[in-house]
Amino acid sequence: MTDSKIRKLVLSALMAALCTVMTMVIQVPSPMQGYVNLGDCAVLISAWMLGPLYGGAAAGIGSALADLLSGYAHYVPGTFAIKFLMAAAAALILRAMTKKAPSAMLAGQVAGEVIMVLGYFAYASLWLGKGLAAAASIPGNIVQGVFGLVAATVVYTVLSRSRAVVKV
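On a predicted model such as this, the values are computed, not experimentally measured, just so you know.

Conventions we followed
Residues numbered from 1 in each chain as written. Predicted model: local features only at pLDDT ≥ 70, side-chain atom pairs only at ≥ 80, totals over all residues. Heavy atoms only, no water. Axes fitted to C-alpha atoms, helices over the stretch in contact; angles between N-to-C directions. Helix = DSSP H or I, 4+ residues; strand = E, 2+ residues; numbered from the N terminus. Parallel < 35°, antiparallel > 145°, perpendicular 65-115°, else oblique. Left-handed = near helix turned anticlockwise from the far one by under 90°. Nonpolar A, V, L, I, M, F, W, Y, C, P; charged D, E, K, R; others polar. Phe/Tyr/Trp six-rings, centres within 6.5 Å; stacked < 30°, edge-to-face > 60°. Buried < 20%, exposed > 50% of the residue type's maximum accessible area, 1.4 Å probe, protein only. Lys, Arg positive; Asp, Glu negative; His and termini not counted. Salt bridge = Lys/Arg side-chain N within 4 Å of Asp/Glu carboxyl O. Contact = heavy atoms within 4.5 Å. Core = buried A, V, L, I, M, F, W, Y, C linked by side-chain atoms within 4.5 Å.

A. Fine view of the packing of helix α3 (residues 76–96) against helix α4 (residues 101–127). Remark: α3 packs on α4, axes separated minimally by 8 Å, with the N-to-C direction vectors making an angle of 160°. Our classification of the angle between α3 and α4 gives roughly antiparallel. Considering how the two elements wind past one another, α3 and α4 form a crossing that is right-handed. For the contact of α3 with α4, the class distribution of residues is 17 nonpolar, five polar and two charged.

B. Structural view of the packing of aromatic side chains. Following the criterion strictly, the structure yields five aromatic pairs and no others. With centroids separated by 6.2 Å and ring planes inclined at 15°, the aromatic side chains of Y123 and W127 adopt a geometry described as stacked. Residue Y123 and its partner W127 are located together in helix α4, separated by four residues, close to a single helical turn. A residue is classified by how much of its surface remains accessible, and Y123, at 10% relative accessible area, is buried.

C. A look at the side chain of D67. Within the secondary structure layout, D67 lies in helix α2 (residues 39–69). Buried charge D67 goes without a salt bridge, the closest partner of opposite sign being K83 at 8.0 Å. In this view, D67 contacts Y35, Y72, A73, Y75, V76 and T79; residues no more than four positions away in its chain are not counted.

D. Representation of the nonpolar core. Grouped together as the largest cluster of nonpolar side chains are 37 residues, with contacts concentrated most on I45, W48 and M49. Counting only elements with at least two residues in this core, the list comes to α1 (3–25), α2, α3, α4 and α5 (138–159). Counting residues per element, this core draws most heavily on α2, at twelve residues.

E. Spotlight on the environment of Y72. Its place among the elements puts Y72 in the loop between α2 and α3. On the accessibility criterion, Y72 (17% relative accessible area) is buried. Separated by 63 residues in sequence, Y72 and L9 have C-alpha atoms that sit 27 Å apart.

In structure tokens form, the structure reads like this:
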């Protein structure tokens, strides 16, 4: 295994742990048996630092682990898929639009957060059997998405000045 692969694997594990911790640090319960948290910040940073595959895996595993440890085991499969897709979309959009980095980051963030909001609505309404009542979770997920978007931009700006960041 090359040094760059080992570095990427170690950073993936670190980002998965960070996703777990940031999701669990502040949990504001929502009306749909879920919670609003800081995890989206770590999900987006994982995507930008590690790319679609490693970043998606870190985001999905870390966020799903937080659900499992927090007593929301019924959300684990959905969270893994949603956060993986969220990070993969953000990374792929950033990679496709490299000439316009600030707008690429914003486009990736927005796409990722739309995936999160719609993904949790679909998961709660179809898999958990909530039907249209799952729409009650949309406002909380939008607030979480906006906060995650702003926090990720600020944190990534600071991190991008260090050598720890692996460019997508």
